[in-house]
Amino acid sequence: MTDLRHWGLALALSVITGLAALFAGHAEPPGLAVLLPLLGLGLIAATRGTIGPMTATIVIGLGVILSLHLWPGFDNPPIWQDRHFCRDCLPHSLYLSADQALLVAAWLPLLLGRWRATRPLSLLAAGLATIAAAIALGIATGLFRWQSGWPGVSLLTLFAAVNLVTVAAEEVLFRGLIQRHLLARLGAVHAWWLTALIFGLAHLPFCVEFAAVATVAGLGYGWVAWKSGSLWPAIVLHWLVNLLHFSLFSYPMLA
C-alpha cells in the first residue's frame, strides 16, 4: 500500500522530469500529456490490494507503450548509434530515454515497496547465483564470451547512467506491476516464475538464447523483489548484471 506522500513525491518527480525533458527539447506537450494517466493509474495500482483484469491490462499496457517508446511527443536522443564493441559483436545503439525516465519518476515512488526484515546474506547469495547462472548460460549458448578489453571509464559511466533508467523502468513494469498483480491472483510462487517467463519472452525479438538468459536472470530479479518486499534489490541486481555484461563480455551479443 502507498499513501499520499508517495503520490506527492511521484507527482513532483514526474513534473520535474517532464519539464526538464521539455526545456531540453526531448519532449513535446503531447508527450507530457501522459502524466495524467500515469499518475492516476499508478495511484490505483499502488493503493488497491488487487485490481481487476481490465485495469491491470490498461496499467501494464501504458507501461509497455512508454517502455517501447510508442507514446508520441518524445525525442530520445542517441548517446551512440550502431557501435561495435568487439569485432564479432552485433552493433549497439544507446538512447537517452525521456519517456522511460518519466515512467520511473511517476511509478517508482508508488511501487517501490517497504523493505522487509530479512536475511541480507540470502539476498546476496541469490544475487550472486543469478549473476553466475546468467553468465554461464550466455557463454554455454554462444550468446557472448569473455572480452579481454573493456570499454573504458567514459563509456562505462555513460552506459551505467542511461541503463539505470532502463533497468528501473523494466523492474517497475515487470516486478512492480506484473509480478505484483499475479501475486494477488496466483500466489507468490506462480507469480515469481510466470513473471520471469514473461520477462524472457519480452526479449525474444533479440533471439531465443537471449530470451533464455533473460528468463533465468528474471527468476533472480523476481526472487529478490519477492523476498525483500522492495524493488530496490531487483533494480540493483538487474543493473549489475547489465554492467558486467557490458564491461566484461561481448555486448550486446555475438553476431
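Since this is a predicted model, take the numbers as computed values, not measurements.

> Help me understand the nonpolar core in this model?
Considering soluble globular proteins, one finds that nonpolar side chains tend to be buried as a cluster. With 60 residues, the main nonpolar core has L38, W107, L111 and L177 as its most contacted residues. Excluding residues that lie within four positions of it along the chain, W107 makes contacts with L38, L41, G42, V59, L62, G63, V172 and L177. L94, L155, F246 and Y251 belong to the second largest nonpolar core, which has 9 residues in total.

> Mind showing me how you'd approach the layout of surface pockets here?
Rolled over the atoms, a probe with the dimensions of a water molecule shows which regions are left empty. When its volume is computed, the largest pocket comes out at roughly 1200 Å³. Looking at the largest pocket, it is lined by 46 residues, and the ones nearest its centre are T166, E170, H203, F206 and F210. Of all the secondary structure elements, the ones that give two or more residues to the lining of the largest pocket are α4 (53–67), β2 (92–95), α6 (120–140), α7 (153–186), α8 (188–202), α9 (208–228) and α10 (232–248). It is α7 that provides the largest number of residues to the lining of the largest pocket, a total of 8 residues.

> Could you clarify how one ought to interpret α4 in this entry?
Residues that lie three or four places apart on an α-helix share one face, since the helix turns once every 3.6 residues. If you check α4, its first and last C-alpha atoms are 21 Å apart, about what 15 residues at 1.5 Å a residue would give, namely 21 Å. When we look at burial in α4, the residues that qualify are A56, V59, I60, L62, G63, L66 and S67. Relative to the axis of α4, the buried residues are bounded by an arc of 150° and lie together on one face. The outward face of α4, more than 90 degrees from its buried face, is lined by the exposed residues P53, M54 and T57. On its buried side, α4 packs onto α3 (35–47), α5 (98–111) and α7. Phi turns positive one or two residues past the end of α4, at H69, with a value near 65°.

What counts and what doesn't
- Residues numbered from 1 in each chain as written.
- Predicted model: local features only at pLDDT ≥ 70, side-chain atom pairs only at ≥ 80, totals over all residues.
- Heavy atoms only, no water.
- Core = buried A, V, L, I, M, F, W, Y, C linked by side-chain atoms within 4.5 Å.
- Buried < 20%, exposed > 50% of the residue type's maximum accessible area, 1.4 Å probe, protein only.
- Contact = heavy atoms within 4.5 Å.
- 1 Å grid on protein atoms, 1.4 Å probe; cavity = no way out; pocket = protein on both sides within 12 Å on 5 of 7 lines; lining within 4 Å.
- Points joined across faces, edges and corners; volume = space filled by probe spheres on them.
- Helix = DSSP H or I, 4+ residues; strand = E, 2+ residues; numbered from the N terminus.
- Expected span 1.5 Å × (residues − 1).
- Arc of directions from axis to C-beta.

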